[in-house]
Amino acid sequence: MALLDILHFPDPRLRLKAVPVVTVDADVRAIVSDMLETMYDALGIGLAATQVNIQQQIIVIDVSSEKDAPICLINPVIRTLEGSEEMQEGCLSVPGYFENVTRAERIVVEALDENGAKQEIAADELLAVCIQHEMDHLEGKLFVDYLSPLKRQRIKKKLEKTPSSKSPSNDDSHSSAS
Ligand code: GNR
Ligand code: NI
């Protein structure tokens, strides 16, 4: 188990597109486990592999209040989208900013779980929003892309001035100590 570094907008690596997972094997399950640990540690309700610099179609989510209901979506595909709804969104890759985004109100998504089994999830409310937000990450898209260019530019400028606590200079992940 390990905590992974979360990339921050405007890091260009957040724009990379994830490729489908070929085989859901032990390596993939290790990534899922590290992503869940990272998501819970960061107090997020979801995390996409793109945010931790892994370009594979892997998402973890837990929208439960007890934080005891993890969901893993591998190679997700939206089957149906219905309605539309505005909700205030935040993002672990855009820390400190919360803005309204309009998305589909109800969705059905098909994906593999952490054991490689096919699952179909019907979602509404926060889970529907979160799944759409995470699937955007896998395509290199961020919630700030739905805002006006002026708002997006303001957020970009402010985050560029904010030093990240997880910058490469104080990253000890390459040390040999265990
Ligand atoms: O923790 C998160 N909260 C959130 C709130 C509203 C809409 C979407 C989200 S996802 C976000 C975690 C994150 O950045 N996932 O990519
Ligand atoms: Ni996000």
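For the structure itself, look to the data block above.
Keep in mind the model is a prediction, meaning the values are calculated, not measured.

A few words now on the side chain of glutamate 110. Within the element layout of this structure, glutamate 110 appears in strand β6 (residues 106-112). Polar contacts involving the side chain of glutamate 110 include one to the side chain of arginine 79, which spans 3.1 Å. Non-local contacts of glutamate 110, meaning those with residues more than four positions away in its chain, are made with Asn75, Pro76, Val77, Arg79, Lys118, Gln119 and Glu120.

Moving on to the nonpolar core. Formed by 18 residues in total, the largest nonpolar core has its most connected members in Met35 and Ile58. Contributions of two or more residues to this core are made by α1 (26-41), β2 (58-61) and β3 (71-82). Those residues within four positions of methionine 35 in sequence are excluded, and the remaining contacts are Leu4, Leu47, Ala48, Ala49, Val52, Ile58, Ile59 and Val60. Formed by 17 residues, the second largest nonpolar core is a distinct cluster that contains Ala48, Ile61, Ala104 and Ala123.

The subject of this paragraph is the coordination of the nickel ion (ligand 2). For a metal bound by four donors in a tetrahedral arrangement, the ideal donor-metal-donor angle is 109.5 degrees, while six donors in an octahedral arrangement ideally sit at 90 or 180 degrees. Ligation of the nickel ion (ligand 2) by protein atoms is provided by Cys91 (SG), His133 (NE2) and His137 (NE2), these donors lying 2.1 to 2.3 Å from the ion. Spacing between the donor residues of the nickel ion (ligand 2) along their common chain follows C-x41-H-x3-H. In this pair, cysteine 91 is assigned in the loop between β4 (85-89) and β5 (99-103) and histidine 137 in helix α2 (residues 125-138), connecting sequence segments 46 residues apart. Side by side, cysteine 91 and histidine 137 carry an identical accessibility label, which is buried.

To continue, consider the environment of isoleucine 155. On the secondary structure map, isoleucine 155 appears in helix α3 (residues 149-161). For isoleucine 155, the residues in contact, after removing those within four places along its chain, are Phe9, Val94, Tyr97, Val144 and Leu147.

Here the focus is the site of ligand 1. Not every one of the 13 residues close to ligand 1 is listed here, only the nearest: Ile45, Gln51, Leu92, Glu134 and His137. Glutamine 51 is positioned with one of its side-chain polar atoms (N or O) 2.7 Å from an oxygen atom of ligand 1. Within the complex, the protein chains bury 90% of what would otherwise be the 380 Å² of accessible surface of ligand 1. One can see that ligand 1 is located within the second largest pocket. Only β4 and α2 provide two or more residues apiece to the shell around ligand 1. The greatest single-element share of the shell around ligand 1, amounting to four residues, is contributed by α2. Tallied by class, the residues present in the shell around ligand 1 amount to four nonpolar, seven polar and two charged.

Now for unusual backbone geometry. Where the residue is not glycine, phi is negative for most of them; where a peptide bond is considered, it is trans in most cases. A cis amide bond links phenylalanine 9 to the next residue, proline 10, at an omega of 5 degrees. Assignment of secondary structure puts proline 10 in the segment before α1. Positive phi, close to 55 degrees, is recorded for lysine 67, a residue that is not glycine. Take lysine 67: it is sitting in the loop between β2 and β3. By relative accessible area, which is 33% here, lysine 67 ends up partly exposed. Look at glutamate 125: it is not a glycine, yet its phi comes out positive at around 50 degrees. Within the secondary structure, glutamate 125 is located in helix α2.

Cut-off values and rules
- Residues numbered from 1 in each chain as written.
- Chains lettered and ligands numbered in written order.
- Predicted model: local features only at pLDDT ≥ 70, side-chain atom pairs only at ≥ 80, totals over all residues.
- Heavy atoms only, no water.
- Helix = DSSP H or I, 4+ residues; strand = E, 2+ residues; numbered from the N terminus.
- Polar contact = N/O pair within 3.5 Å; in protein donor to acceptor, adjacent residues only side chain to side chain.
- Contact = heavy atoms within 4.5 Å.
- Core = buried A, V, L, I, M, F, W, Y, C linked by side-chain atoms within 4.5 Å.
- Buried < 20%, exposed > 50% of the residue type's maximum accessible area, 1.4 Å probe, protein only.
- Donors = N, O, S within 2.8 Å, 3.2 Å for Na, K, Ca; no water.
- Near = heavy atom within 4 Å.
- Areas by Shrake-Rupley, 256 points an atom, 1.4 Å probe, with all protein chains shown as cover.
- 1 Å grid on protein atoms, 1.4 Å probe; cavity = no way out; pocket = protein on both sides within 12 Å on 5 of 7 lines; lining within 4 Å.
- Sits in = over half its atoms within 2 Å of the grid points.
- Nonpolar A, V, L, I, M, F, W, Y, C, P; charged D, E, K, R; others polar.

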